[in-house]
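Structural overview
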Amino acid sequence: MSTDILQPGQLPDLFPAPRQYGRFRRLLHKHPTIVIGGGLLLLLVAAAILAPLLGTVDPEFVSPIRRNREPSLMFWFGTDTLGRDLYSRVLYGARVSLFVGFCVAACATCLGLATGLAAGAYRQLDSVVMRIMDGLMSIPPILLAIALMAATGGSVGNVIMAITIAEFPRMSRLVRGLVLSIREQPFVDGAIASGCSMPRIVLWHMLPNTLGPVMVQATYICSAAMITEAALSFIGAGTPPSVPSWGGIMNEGRMLWQLKPYIILFPAAFLSITVLAVNLLGDGLRDAFDPRAANRT
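Residues numbered from 1 in each chain as written. Predicted model: local features only at pLDDT ≥ 70, side-chain atom pairs only at ≥ 80, totals over all residues. Heavy atoms only, no water.

Observations concerning the UniProt feature "transmembrane region" (unreviewed entry) in the chain
- UniProt feature "transmembrane region" (unreviewed entry): in the numbering of this structure it lies at residues 33-54, 96-122, 142-166, 219-239 and 259-282.
- Along residues 142-166 one finds 88% helix and 0% strand; the C-alpha atoms at either end are 8 Å apart. (UniProt positions renumbered as here; feature names shortened; annotations may be inferred. Helix = DSSP H or I, 4+ residues; strand = E, 2+ residues; numbered from the N terminus.)

Here it is as structure tokens:
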């Protein structure tokens, strides 16, 4: 029997103190896909940023006497038909794909939020804006991007612009549907009754309630943008040949893929892992923002 004397107002410890888990462990237990996808994505971003420090050489350095070398200790991923080091080209190519994916996701999200909020909040703009979005969505994104690239020329900036125009209508329709649903909520009626202007209602009441689904959709746009950029570069309509990109590397090795499959294998593997990481992150965010999933956990 304990002989400790309780101070006034102090209660005895009848139950043991709950175990304290770290934030990372709790997050891993509750949303493992966020941790796995986010961790993979951070590793790829770090590899792209720190590429000069990871044993790479100039990705455009040509050495004809070293052309088509198999993977070895000297050339980890081998060399291409011009003797360029594939390991260096793949790591530097990650910069292009990740930069395009993140920029397209940010630009498409901003444009989709602006047009979707305007269409959902103001009925007089709804029919006009949505008909334009329907017209853009009727064209497959890759074909629309190819047409825009043919009109503007090959560069990283033009690739971002072309893919953004092809992708943001889907974000716009998502936001517009969310706003139409939010407009029927009682707190919006209360804000209108209290005399709030429509711009204030949109910014302070509607916009915050759309951010969860918008963040999830932005991750899918990011992965779709990286695939589209690789497809454009693969067919020669994306970034210029002087800029190493995963699609461009695969395009350069497609003629020898049966004899030298490693030329296509490594950039394709990095592209697949990157898209998988972004999609895992998006799935985890979807579960985190889904109230039904939260109730189950």
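Comments concerning the pattern of salt bridges
- Enumeration according to the criterion identifies 11 salt bridges in this entry.
- In this structure, Asp 80 engages Arg 89 in a salt bridge whose closest nitrogen and oxygen atoms are separated by 4.0 Å. Accessibility assignment for this pair places Asp 80 and Arg 89 in one class, buried.
- Where Glu 252 meets Arg 84, a salt bridge forms, and the shortest distance between an N and an O atom there is 3.0 Å. Highlighted residues: Glu 252 in helix H10 (residues 246-253) and Arg 84 in the loop between helix H2 (32-49) and helix H3 (86-121), separated in sequence by 168 residues.
- Judged by relative accessible area, which is 6%, Arg 84 ranks as buried. (Salt bridge = Lys/Arg side-chain N within 4 Å of Asp/Glu carboxyl O. Buried < 20%, exposed > 50% of the residue type's maximum accessible area, 1.4 Å probe, protein only.)

Side note on the side chain of Asp 80
- Positionally, Asp 80 belongs in the loop between H2 and H3.
- Residues contacting Asp 80, with those up to four places away along its chain left out, are Arg 67, Asn 68, Leu 86, Arg 89, Glu 252 and Ile 263. (Contact = heavy atoms within 4.5 Å.)

Here's the deal with the environment of Val 275
- Mapped onto the fold, Val 275 is located in helix H11 (residues 262-289).
- Val 275 gets classed as buried once you look at its relative accessible area, which sits at 11%.
- Along the backbone, Val 275 and Thr 219 are 56 residues apart, and their C-alpha atoms lie at a distance of 9.6 Å.
- Filtering out sequence-adjacent residues up to four positions away, Val 275 remains in contact with Ser 223 and Ile 227.

Some details on a nonpolar patch on the surface
- Among the surface-exposed residues, Ile 49, Leu 50, Leu 53 and Leu 54 lie close enough to one another that they form a single nonpolar patch of about 400 Å² accessible area.
- With respect to the helices, strands and loops of the structure, Leu 50 is situated in the loop between H2 and H3.
- When its relative accessible area of 40% is taken as the criterion, Leu 50 is described as partly exposed. (Patch = residues over 30% accessible without salt bridge, like charges linked within 9 Å, V, L, I, M, F, W, Y side chains within 5 Å. Areas by Shrake-Rupley, 256 points an atom, 1.4 Å probe, with all protein chains shown as cover.)

Regarding unusual backbone geometry
- You will see that Asn 68, though not glycine, has its phi angle at about 55°, which is positive.
- In this structure, Asn 68 sits in the loop between H2 and H3.
- On the basis of relative accessible area, Asn 68 is assigned to the buried category, the value being 17%.

Digging into the packing of helix H4 (residues 123-137) against helix H6 (residues 156-182)
- At their nearest, the axes of H4 and H6 sit 9 Å apart, and the two run at 140° to each other. Classified by the angle their axes make, H4 and H6 are oblique. The handedness of the crossing between H4 and H6 comes out as left-handed. The residues of H6 that touch H4, namely those facing Asp 126, Met 130, Met 133, Asp 134, Leu 136 and Met 137, are Ile 165, Phe 168, Pro 169, Arg 170, Ser 172, Arg 173 and Arg 176.
- Of the residues in the contact of H4 with H6, the class split is seven nonpolar, one polar and five charged. (Axes fitted to C-alpha atoms, helices over the stretch in contact; angles between N-to-C directions. Parallel < 35°, antiparallel > 145°, perpendicular 65-115°, else oblique. Left-handed = near helix turned anticlockwise from the far one by under 90°. Nonpolar A, V, L, I, M, F, W, Y, C, P; charged D, E, K, R; others polar.)

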